[in-house]
Amino acid sequence: VGYSPSHFSLAGKMFQKQFEAMAASHPKAKFYTCDVDDAPLAAYDAEVTEVPSVVILPLGLKPDGSRYDKTDMVVVAPELARYDKVLARAKAAIDATTVIEDPQGARPWQFDPATGTTLPVHE
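What you are looking at is a predicted structure, and each value in this text was computed from that prediction instead of being measured. (Residues numbered from 1 in each chain as written. Predicted model: local features only at pLDDT ≥ 70, side-chain atom pairs only at ≥ 80, totals over all residues. Heavy atoms only, no water.)

**A few points about the sheet that holds strand 3 (residues 53-56)**
Consideration 1: Ordered in space as 2-1-3-4, the 4 strands form an open sheet in which the pairing is mixed. The sheet terminates laterally at strand 2 (32-33) and strand 4 (74-76), the two strands that pair on one side only.
Consideration 2: In this structure, strand 1 (residues 2-4) lies alongside strand 3, joined through 3 bridges in antiparallel fashion. If you follow S4 over to strand 3, its bridge partner there is S53. (Pairing = 2+ DSSP bridges. Helix = DSSP H or I, 4+ residues; strand = E, 2+ residues; numbered from the N terminus.)

**Brief notes about the nonpolar core**
Consideration 1: By size, the foremost hydrophobic cluster in this structure holds 15 residues, and its most contacted members are V1, F19, M22, V54, I56 and L87.
Consideration 2: Listing elements by their share of this core, those giving two or more residues are helix 2 (16-24), strand 3 and helix 4 (86-95).
Consideration 3: A total of 5 residues in this core trace back to one element, the largest contributor, which is helix 4.
Consideration 4: When sequence neighbours within four positions are dropped, the list of residues in contact with F19 reads V1, G2, Y3, F31, Y32, T33 and L87.
Consideration 5: A43, A46, V51 and M73 belong to the second largest nonpolar core, which has 7 residues in total. (Core = buried A, V, L, I, M, F, W, Y, C linked by side-chain atoms within 4.5 Å. Buried < 20%, exposed > 50% of the residue type's maximum accessible area, 1.4 Å probe, protein only. Contact = heavy atoms within 4.5 Å.)

Following this line, the structure appears as structure tokens:
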């Protein structure tokens, strides 16, 4: 779960502590912050178009046994400048996502030169 603020975004700074509290309440998930100005390619890869946004990319297996991939990514951005709703909508999306731990463990995604982004490991 990634939080994407920007150094110029007042809303990003205002909700940083709430994001950290949300991270503490979900110990099984990995949380990180990525400033879109410091890492614009990461923001592009995560399809961040507004700040602050929360990107949820489940890693592991779906309840049906298939793997999550980038098509399962959820980007929660402020709609109509309602910055106060971003974290609540992100929490609802996280709570609605069921991830089964992969018995093979977590594996890093691979760079895709065709798209300039990353893709999960294919078997």
